[in-house]
Amino acid sequence: KERREKWRQEISLLRTIPYSDHQRWWTSDTIAVVTGANRGIGFEIVHQLAHHGLTVILTSREAAVGEEAAKVLREGGLNVVFHQLDIVDRDSIEAFAGWIRETYGGIDILINNAGVNFNTGSDNNVEHSEKVIHTNYFGTKNIIKAMIPLMRPSDAGARIVSVSSRLGRLNGKRNKIENLELRSKLENLETLSEELIDETVSTFLQQVKDGTWQEGGWPQVFTDYSLSKLAVNSYTRLMAKKLSDRPEGGKIYINCYCPGWVKTAMTGWNGHVSPEEGADTAVWLALLPDQFISGKFFSERHEIHF
Ligand code: NDP
């Protein structure tokens, strides 16, 4: 615990040290998109990326609150532009992609932050499971698919970072997939496929409808939310493999991370990590100079097991 506290203090210090000129592969023309950024961790990711000098597109499903959030950051002298984006609405994704193409020609960084959770305390409320899986997994996947063709070629490579959770580990101490055959298929990159991930979450949703999910061997804590993040993690590994054969100059790196338990609306402000700390690893991964890392899972700037 002490070592962790020390490392957290070191990270706070590292955050105050500006990147040197030779580390800065980005300019003010570098475009970063952040989903669900009107509040919480997403808002703070926009703040930090804009502070490093990028142009950041703050997106939000509600136009009025998103406009207001972007205005606050612009008033602080930051280059932040608002656009509406609801990650579960195909028309909204299409309109957003069209606007990006016309306005900027493409993007360099995508941060998938938008997410929902309805479990509180020790509850395991799967009443909202459709919404959770559709937002956290299918929404994230759809925006990744829509943005990949818009990712601009560069020597540094384009970057995708998803805000995920340790709760979505395949074989965590407190949370695991108990069906050994399914776990091993999801673990193994040779057997991992988009169909397998989709089938896994669909089976869970069907069992929720049938009232049989409790016998399904699903993650024990915050089941629907954990499974949605497990799907995001699996999709990250799968996409890293699929994107790995892109030519030099056209590379796209994709990673995910757990922000810790963060004081935001999602936790009822009960977390023990500030949004600033929770945003740190996303910003660090998005801006990594000269380190081409893909298909990995991080926490506090350290790689952790899926
Ligand atoms: P918040 O609830 O404060 O923020 C969630 C954001 O996602 C809001 O801006 C919300 O918009 C947005 N959102 C939800 N659904 C959609 C949608 N369909 N389209 C676009 N935006 C949407 O929570 P956090 O800041 O804590 O969460 C951010 C991310 O971090 C989430 O992915 C969460 O799962 C993850 N995370 C959070 C942890 C924590 O301890 N807080 C721990 C681990 C992971 P609106 O305001 O309109 O609701």
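Residues numbered from 1 in each chain as written. Predicted model: local features only at pLDDT ≥ 70, side-chain atom pairs only at ≥ 80, totals over all residues. Heavy atoms only, no water.

Can you break down the nonpolar core residue by residue, with the values?
Among the nonpolar cores identified, the biggest contains 46 residues, and Ile107, Leu110, Met147, Ile160, Phe204 and Leu227 are the most heavily contacted of them. Counting residues per element, the ones that place at least two in this core are strand 1 (31-34), helix 4 (90-104), helix 5 (129-147), strand 5 (158-163), helix 6 (180-187), helix 7 (194-210), helix 8 (223-243) and strand 6 (252-258). Of all the elements, helix 8 adds the most residues to this core, at eight residues. Core analysis: the second largest hydrophobic core is formed by 35 residues, Tyr19, Ile41, Ala69 and Trp284 among them. (Core = buried A, V, L, I, M, F, W, Y, C linked by side-chain atoms within 4.5 Å. Buried < 20%, exposed > 50% of the residue type's maximum accessible area, 1.4 Å probe, protein only. Helix = DSSP H or I, 4+ residues; strand = E, 2+ residues; numbered from the N terminus.)

Describe the packing of helix 4 against helix 5, and please don't skip the residues or the numbers.
Relative orientation of the contacting elements helix 4 and helix 5 amounts to 25 degrees, with a least axis distance of 10 Å. The angle between helix 4 and helix 5 falls in the class roughly parallel. The element helix 4 and its partner helix 5 pack so that their crossing is right-handed. For the pair helix 4 and helix 5, contact is made by Arg90, Ile93, Phe96 and Ala97 and by Asn142, Ile143, Ala146 and Met147, respectively. Taken together, the residues that form the contact of helix 4 with helix 5 break down as six nonpolar, one polar and one charged. (Axes fitted to C-alpha atoms, helices over the stretch in contact; angles between N-to-C directions. Parallel < 35°, antiparallel > 145°, perpendicular 65-115°, else oblique. Left-handed = near helix turned anticlockwise from the far one by under 90°. Contact = heavy atoms within 4.5 Å. Nonpolar A, V, L, I, M, F, W, Y, C, P; charged D, E, K, R; others polar.)

I'd love a proper account of the packing of aromatic side chains, names of residues and values included.
Tallied over the entire structure, the rule returns 10 aromatic pairs. Between Trp99 and Tyr104, the ring centres sit 5.7 Å apart and the planes meet at 85 degrees, which makes this aromatic pair edge-to-face. With a centroid separation of 5.6 Å and an interplanar angle of 75 degrees, the aromatic rings of Phe204 and Trp218 are classed as edge-to-face. Of the two residues, Phe204 is situated in helix 7 and Trp218 in the loop between helix 7 and helix 8; the sequence distance between them amounts to 14 residues. Overall, Trp218 belongs to the buried group, its relative accessible area being 7%. Three or more aromatic residues joined by ring pairs make a cluster, and in this case those are Tyr19, Trp25 and Trp26. (Phe/Tyr/Trp six-rings, centres within 6.5 Å; stacked < 30°, edge-to-face > 60°.)

Talk me through empty space enclosed by the protein; I want residue IDs and the actual numbers.
For the structure on display, the rule yields five cavities of 30 Å³ or more. Here the largest cavity is characterised by a volume of approximately 100 Å³. Around the largest cavity, the lining residues are Arg8, Ile11, Arg15, Cys258, Pro259, Val273, Glu277, Asp280, Thr281 and Glu300. Going through the elements one at a time, helix 1 (2-16) and helix 9 (275-287) are the ones with two or more residues in the lining of the largest cavity. What lines the second largest cavity is Arg159, Ile160, Val161, Tyr253, Asn255, Leu285, Leu288, Gln291 and Ile293. Among the elements that line the lining of the second largest cavity, the one with the most residues is strand 5, at three residues. (1 Å grid on protein atoms, 1.4 Å probe; cavity = no way out; pocket = protein on both sides within 12 Å on 5 of 7 lines; lining within 4 Å. Points joined across faces, edges and corners; volume = space filled by probe spheres on them.)

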